[in-house]
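Next come the chains, spelled out residue by residue.
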Amino acid sequence: MKIKNIVSLSLICFAFGNLSAQNPWPQTTETAKPWTRWWWMGNAVDEKGLDKQLTTLSKSGFGGVEIVPIYGAKGFEKQYLNYLSPEWMKMLQFTTNKAKTLNMGVDISVGTGWPIGGPQVDEADAATKIIVQTYTVLSGEKLADKIVLKDEKQKNLKTIKLDVVTAYNEKNEAVVLTEKVNADGSLNWKPNSGKWTIYAVFVGKTLQKVKRAAPGGEGYTLDHFSPDATKDYLKTFDKAFGNSNYGIRSFFNDSYEVYNADWTPDFLNEFKKRRGYDLSPYIKYLVSNEESEIAGRVKSDYRETLSELILNRFTKDFTNWAHSKSSKNTNQAHGSPGNLLDLYAAVDIPESETFGSSIFQIPGLKRDTADVQKSDMPDFNMLKFASSAANVTGKKLTSNETFTWLTEHFKTSWSQAKPEVEQVFLSGINHVFYHGTTYTPADIPFPGWLFYASVNFVPENSLWPHLKGLNSYIERTQSVLQSGKSDNELLMYWPVYDQWASPKGKDATFKVHNVEKWLVPTPMYRNLNTLSKMGYSLDMISDKMIGESKSENQKIQFSKEGSAYQVLIIPELTYLPESTLKNILDLVQNGASIIFQNEPKDIPGNFEVEKRRTQLKSLWNQIPFQDQAGNLKFANFGKGKIILSSDVAKALEYLNIEREKLTDTGLKFVRRQFDGGKYYYIVNHTSKEINQDIPLNFIGKQVALMNPKNGDFGLAQTQNNSVRVQLKSGESLMIKASEDSDNSVPKWNYTEKADAPLALNQPWQLTFKEGGPDLPKTRTLKKLEPWTNFTEDPSTQSFSGTGVYTTTLNLKKKNADDYLLKFDKLYESAKVMVNGQEAGIVWSIPFEINIGKYLKKGKNTIQIEVCNLMANRIRYMDQNKIQWRNYHEINFVNIDYKPFDASNWNVQPSGLDGEIRLIPIHYSK
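Residues numbered from 1 in each chain as written. Predicted model: local features only at pLDDT ≥ 70, side-chain atom pairs only at ≥ 80, totals over all residues. Heavy atoms only, no water.

### Brief notes about the overall build of the protein
- Within the protein one finds 19 helices and 44 strands.
- A globule of 925 residues ought to have a C-alpha radius of gyration of about 29 Å, and the protein, at 31 Å, matches this closely.
- Taken along the three principal axes of its C-alpha coordinates, the protein extends 110 × 75 × 50 Å.
- If you take every contact in the protein between residues at least 6 apart in sequence, the share linking residues at least 24 apart comes to 78%. (Helix = DSSP H or I, 4+ residues; strand = E, 2+ residues; numbered from the N terminus. Rg over C-alpha atoms; globule rule 2.2 N^0.38 Å. Contact = heavy atoms within 4.5 Å.)

### Concerning the packing of aromatic side chains
- Applying the stated criterion across every chain yields a total of 58 aromatic pairs.
- The interplanar angle of 70° and the centroid separation of 5.9 Å between the aromatic rings of F237 and W321 together place this pair among those described as edge-to-face. Pair noted here: F237 is in helix α3 (residues 229–241) and W321 is in helix α6 (residues 293–324), with a separation of 84 residues, a long-range link.
- When the centroid spacing of 5.6 Å and the interplanar angle of 75° are considered together, the rings of F410 and W884 count as edge-to-face. (Phe/Tyr/Trp six-rings, centres within 6.5 Å; stacked < 30°, edge-to-face > 60°.)

### Quick notes on the sheet that holds strand β16 (residues 490–493)
- Here we have 7 strands laid out as an open sheet, ordered β17-β16-β21-β22-β25-β24-β23, and mixed in their pairing. Both edges of this open sheet fall to β17 (538–541) and β23 (626–628), since each of them pairs with a single strand only. Each strand axis lies, on average, 25° off the axis of its neighbour in the sheet, ignoring direction.
- Relative to strand β21 (residues 567–570), β16 runs parallel, the two being bridged by 3 bridges. Of the residues in β21, the one forming a bridge with L491 is L568.
- Packed on one face of the sheet, helix α8 (residues 380–393) meets β16 and β17 and runs near 80° to β17. (Pairing = 2+ DSSP bridges. Axes fitted to C-alpha atoms, helices over the stretch in contact; angles between N-to-C directions.)

### Remarks on unusual backbone geometry
- Here the bond from W114 into P115 is cis, since omega is -10°, no more than 30 degrees from zero.
- The topology assignment puts P115 in the loop between β3 (105–109) and β4 (117–118).
- Each neighbour pair has its own omega, and for F446 with P447 the value is 5°, a cis peptide bond.
- Relative to the assigned elements, P447 resides in the loop between β14 (431–438) and α10 (467–481).

### Some thoughts on the pattern of salt bridges
- Scanning the entire structure with this criterion turns up 49 salt bridges.
- Across the pair K831 and E865 runs a salt bridge, and its minimum N-O distance is 3.8 Å. Of this pair, K831 sits in strand β40 (residues 829–834) while E865 is found in strand β43 (residues 858–867), placing the two residues 34 residues apart along the sequence. Side by side, K831 and E865 carry an identical accessibility label, which is buried.
- Taken together, the shared-partner salt bridges in this structure form one network comprising D266, E270, K273, R274, R275, E304, E308 and R313. (Salt bridge = Lys/Arg side-chain N within 4 Å of Asp/Glu carboxyl O. Buried < 20%, exposed > 50% of the residue type's maximum accessible area, 1.4 Å probe, protein only.)

### Quick word on α3
- End to end, α3 covers 19 Å across 13 residues, agreeing with the expected 18 Å (1.5 Å per residue, within 8%).
- Inspection of α3 places A229, T230, Y233, L234, F237, A240 and F241 among the buried residues, and these make up the whole buried set.
- For α3, the secondary structure elements touched by its buried residues are α2 (86–101), β4, β10 (250–253) and α6.
- Taken from the residues just after α3, G242 is the one with a positive phi, measuring 65°. (Expected span 1.5 Å × (residues − 1).)

### Considering helix α13 (residues 523–534)
- In a regular helix each residue adds 1.5 Å, so 12 residues correspond to 16 Å; α13 covers 16 Å between its end C-alpha atoms and thus fits that length.
- For α13, the set of buried residues is M524, Y525, N527, L528 and L531. Looking down the long axis of α13, one finds its buried residues gathered within 160° of arc, a one-sided arrangement.
- G535 occupies a position one or two residues after α13 and carries a positive phi of about 110°. (Arc of directions from axis to C-beta.)

Following this line, the structure appears as C-alpha cells:
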C-alpha cells in the first residue's frame, strides 16, 4: 500500500494516544528543531540585519539561536555596541520579540567570548593560582632571603598574599612557619639540625583575560572557586536586565577553559572544613613533583575540594541566578577540575561538545585527512557524561555544541554532518546547537562575516538552499528523542577517585581534548565500549548521585523524573570511599542488583586513613559471597543481589539482564520509553545494507516504522519478537513499539524486488541559477559531468552556487510501485523537481530519492538543482587578493590554526558525475 502525502509536521499531535490515526510522529516544537550558536561580531547589530537573519534562519528550519558576542570586523567600529549597554539591550529585546513571532527561542551567553569573565571581574574576583617559591636553610642558620614574591607580573597586584610557609627536613618532617614570617618577608626561625627546604606558597592571579571578547566584554576571567566572584559577576546582569529576562529561554556558559586556576583565597579554610585536616603541613606533596602515595592522597583531597567548590560556588549559584530570572541555564562542564557528572547535573540543560571529525565506514562518505583535525576526534563516551547526568536526574534536554571544526572551512557538505550528528543522538543527546552562524549586516558582500572555528551555517553558504534537508531530519529525530524519557537499563559508576589519586600534576581537568589521557585508558571506558557493542544501554553515575538514589521494585532511581535502572556496575578500581560503599550496600538492602568487577583496594584521601580502611574492609566483609561457576561470586544481601566478577557481561547474563541483540548486525541504537511503549532510534553506520528481521526486547502489540529523513511511516512486519528492517549504509530509522494498536495506520513499504534500472544517459542541459562570482554559461551535455570539468570556461572553476541539470525522460510504461532515482556521484546536494513538482532534497548518503508519485507515463521533465561547496569561490578570492577576512583578535585561521589561505587549493568537483539511474521497485504485499 502506498503511503499518502504526510501532513505538515507542525500539525502533528504530541503523544501517540492523541495522534490522528494517520501519523505516529510526535508533535514538533521549536526545541525539536536544531538551534545555532549566533555570534554577534563586535555587537555591530541593527534591527534590519537581525530581522533579516532571524527570518532566514526560521525559513530554513531553525528553532532558536544562542547569542554569543565576540570580537568584531575592522572598519565597523562605529557600529559596535557595548555589551549590556542600554543600546545593546534594546537590540536583544528586538531579537527576542522578533523570534517570538517566528516561534523561535533565544538563549544568550553570560559573557562575551569565553571563558566567563569581563570588565566587572576585579582583581579580587579574578581567576586565582598559587605561586610557589622554595628556599634552603641549614641547621643554626637564619634564612638570608626575604620571603617575598619574585614574579614581576604579580608584584603590582593588591590582592597578593602569602598563604603557606612550611619547611621540610631530609626526613620529610614538617614545620609550618606561616605565622613566623614578618611583614617585610623576613623569617623569624632557624632550624636546630639538618638541612631544610622551605616551601612558600603565594596566592596570585592567572591574569588570564576573556578570549575573543566583544566590545564591553573585555576583562579578567572569573574565579570559579570563590564564594563571592560568581555572585559579584552576575550583579552586572541584574543591573542590565532588571526584573525582566528579556525573553531569554536559557543563559549559557561555555566550556571551562581557565588555565592554571588552581586556588582561591579561602582555599585553606575550605580544605580543612571539607577534608578534616590542615593542608599546610602537606603542602610540599601538592606543589612538588614528588610521586608518592602520600602525594597522591593529598592531591586527591585537593582535587575533591576544587570539585566541591566549583559545584557549590559557581554552578549552583549560576543555576539559582537563572531561576531568579524565570529562565533556565545551560552549562558546558567539561574542561573543569570537577566531577563532570555532578556539574552537569546541577544545571537545567547539560551541554557537551563535539570537536573534529569521526571516522565512519559508510561507503562514499567524504573524509579528506588534509581537511580534518589531526589530534581531535569526537568521543562517544565523553558525550555520555552530559546525557548520563540528564538521564539519571530526569532532565528533559541534553544539548551539544555540534560540528566545531568538523572539516576545513568551506569544505563541509551536509552529507558529512549527518553521521556526526547521529553519533551525538546515539549518545543520548537530544538538543543540538550548530557551531555555528555569524551575524552579518544586510549589506556585506559574500562571504559575509565568518567565525574561525565553525562549519559556516550562514545564508551566504552556497549549500544553504538545501540545509532544510538536514534540519528537517534533525527536527524529526529530536521530536522523538525529546519524548518520554531515556530507557537505559544499566548504571556505570565513574571511579573519579582513581583519577584524583594520581600523584602527577596538580589540578585534574577533564577535557574534551585529552580523553586519551584521562578516559580512554580506564576500565570503565573499556566496559562502556564492550557493553554498548553487545547491546546494553548505559548511563554513568557519581558518588553523590549514588548517595541520593533509592531502590524500589528492584530498580535504582535518583528521582521520579529520572530513569530507573536494573543494575549498578562498579568497574575495576583501586579507590572507593567507605561512604560510597555504604550507600551502595544500602541500595542492595532495598532490592538493588550490583556488580563489582573487583574488590575495592583502598579508600582515597589522607584523612584518618587506617580508620577508614578498616571501615571499608568491614563493610566489604559483610557481603556473604558464595563461589559460583565461571569465576563468579554471588551474594544475596537484604532484598538485593551482589555479584563479584571480572567479566561484567557474564555477570549480567547471570542476573538475566537482556541485551538488545540487534547490535549483532552492527546496527546502533538508543531507546526511549513513553506511556504505552518504547521508541528505538536505529542507525546503520556499517559498510553494508541490513535487510533482515532484527530482534527487539520490546515489541508490544504494534510496531510502526518511521523514516526521519522524509517523514514516511507505516506498520512493520513482525514475528517472534523481531521486526523486519531495510537499512542501507548511512540510513536511520525510528521504531515505535506500542502496547495499543491502530489499524488505520498504513503498512510500511518494504522493497520486494527491483527491475532493471533505466540509465538517464540522454542529453542534459546545464544552466546556473544563483551564486558567484559569475554565472557560467549555459551548455548542453552529451553525458552527465561536473561543471568543473569545463576548464575552458574560467567561471566554472570559481563558481559557488546552484547549477541546474535538466532532461526529459520518456517512460513507456508505469507499472512499478515506485521509482528510485539513484545518483552515482553528487557534489554536494540536490533538489529534485519532477514535472514541476518538488520531489525532495538529496543531501546524504545514499544519494537517492523516490520519485514515483511525480512521474507519469510518457514524457517527464526532470530537473536537478545542485549546490556545491563555497571552496571554489573562496579559492578564487584568495588567488585574486580580494579581501574578505579582516577581523580584530584572531583574523581567521585554517583547521591547523595557521593563517588561512585557499589560493593553493585544488578546484573542488562540483555538480553531477557518473550515471543517474531510475530503478523501478516493487513493494511486498
